Amino acid sequence: TLQTLQTNGITVRAAVEGQGPLVIMVHGWPELWYSWRHQIKPIAAAGYRVIAPDVRGYGGSARPYPVEAYDMATMMADVVGLIDAMGAEQAILIGHDWGAPICWNTAALYPERVAAVAGLSVPYRKRAQAPAIDIWRQLYKDKFFYQIYFQPEGVAERELEADVRVSLRKIYYAISGNAPSLANWLQRPPTATFLEAFVDPKPFPAWLSAADLDYFVDNFQRSGFRGPLN
């Protein structure tokens, strides 16, 4: 069932299922609670209480406007607030993609609140000697890199929101096992755009149904991409 929960001064929409030790599943970009739809019920059936929220900025959750409202400390506090909201002392955290660093860092800085942690697609990395964006600007100073492209406010939003359905189809396919290597995607000039090298497959692979895609499209058409990009 979908519920509205209070955490860290905001409301979040979350799927809630089962009883038992708490499991919080944190999605990545550009996703929703719905990305865990195949995992929620089996984990609940195994004897756990599962919370799969829309991360702040996404879907049915609050979408603060300032970029600063999405720093890592705030995202971690959202997770800890969900543990509090459920009346639990600890939770098992499972994160995918950009949700993985949220979970890894929460486990590192709030060890008394995290019983176990798992990350999909993004491993734990220690904090570097310089901010990541500075490192990327040096590594990719003569090439396109999506995180650099995402930095100016409004640029990526305009591209992705021009046709949300095509944008999501291209992104979901590009990072799937069906797509060709992304190596050439990084060998482009810094003036390139995010989506121009991606394929929009027709038909789309069966692992994402038309109804599933409709759910994502409806949500991102309503919420836009500013919160996710923040």
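Right, let's walk through the structure included here. This is a predicted model, so every value here is computed, not measured.

**So, the overall build of the protein**
Of the regular secondary structure elements, the protein holds 9 helices and 6 strands. Against the compact-globule benchmark of 17 Å for 230 residues, the protein has a radius of gyration of 18 Å, which places it among compact chains. Reported as C-alpha extents along the three principal axes, the dimensions of the protein are approximately 50 × 45 × 30 Å. A buried classification covers 48% of the 230 residues belonging to the protein. The contacts of the protein with a sequence gap of at least 6 include a subset with a gap of at least 24, amounting to 71%. In the structure as shown, the protein presents an accessible area of about 11700 Å², 55% of it carried by carbon and sulfur atoms. Charge separation in the protein, taken as the distance between the mean sites of 21 positive and 22 negative side-chain charges, equals 3 Å.

**Focus on the pairing of strand β5 (residues 91-96)**
Bridge analysis of strand β3 (residues 22-26) against β5 gives 4 bridges, and the strand direction is parallel. From the neighbouring strand, Met 25 faces β5, where its bridge partner is Ile 94. Note that β5 and strand β6 (residues 114-120) share 6 bridges and pair parallel. Its bridge partner lying in β6, Ile 92 is registered against Ala 116.

**Concerning empty space enclosed by the protein**
Inspection of the entire model under this criterion finds 1 cavity of 30 Å³ or more. In this structure, the largest cavity encloses a volume near 100 Å³. Lining the largest cavity are Val 12, Val 26, Pro 53, Asp 54, Val 55, Arg 56, Met 75, Asp 78, Val 79, Leu 82 and Ile 102. No other element matches the 4 residues that helix α2 (residues 72-85) contributes to the lining of the largest cavity.

**Brief notes about unusual backbone geometry**
Residue Pro 30 is bonded to the preceding Trp 29 through a cis peptide linkage, with omega at -10 degrees. Along the polypeptide, Pro 30 turns up in the loop between β3 and α1 (37-45). Along the chain, Lys 202 connects to Pro 203 via a cis peptide bond; the corresponding omega equals 0 degrees. With respect to the secondary-structure elements, Pro 203 resides in the loop between α7 (164-174) and α8 (210-223). Its identity is not glycine, yet Asp 97 carries a phi of approximately 55 degrees, on the positive side. In this fold, Asp 97 is placed in the loop between β5 and α3 (99-109).

**Regarding the sheet that holds β6**
Strand order across the open sheet formed by 6 strands is β1-β2-β4-β3-β5-β6, with mixed pairing between neighbours. Lying at the two open borders of the sheet, with one neighbouring strand each, are β1 (2-7) and β6. Shown here is a sheet whose adjacent strand axes are inclined to one another by a mean of 25 degrees, direction ignored. Those strands touched by α2 are β1, β2 (10-17), β3, β4 (49-53) and β5, and its axis lies near 110 degrees from that of β1.

**A few points about the packing of α2 against α3**
Two numbers describe how α2 lies on α3: the axes approach to 9 Å, and their chain directions differ by 80 degrees. Regarding the angle of α2 to α3, the classification is roughly perpendicular. Of the residues in α3, those touching α2 at Met 72, Met 75, Met 76, Val 79 and Val 80 are Pro 101, Ile 102, Asn 105, Thr 106 and Leu 109.

Rules and cut-offs
- Residues numbered from 1 in each chain as written.
- Predicted model: local features only at pLDDT ≥ 70, side-chain atom pairs only at ≥ 80, totals over all residues.
- Heavy atoms only, no water.
- Helix = DSSP H or I, 4+ residues; strand = E, 2+ residues; numbered from the N terminus.
- Rg over C-alpha atoms; globule rule 2.2 N^0.38 Å.
- Buried < 20%, exposed > 50% of the residue type's maximum accessible area, 1.4 Å probe, protein only.
- Contact = heavy atoms within 4.5 Å.
- Areas by Shrake-Rupley, 256 points an atom, 1.4 Å probe, with all protein chains shown as cover.
- Lys, Arg positive; Asp, Glu negative; His and termini not counted.
- Charge placed at Lys NZ, Arg CZ, Asp CG, Glu CD.
- Pairing = 2+ DSSP bridges.
- 1 Å grid on protein atoms, 1.4 Å probe; cavity = no way out; pocket = protein on both sides within 12 Å on 5 of 7 lines; lining within 4 Å.
- Points joined across faces, edges and corners; volume = space filled by probe spheres on them.
- Axes fitted to C-alpha atoms, helices over the stretch in contact; angles between N-to-C directions.
- Parallel < 35°, antiparallel > 145°, perpendicular 65-115°, else oblique.

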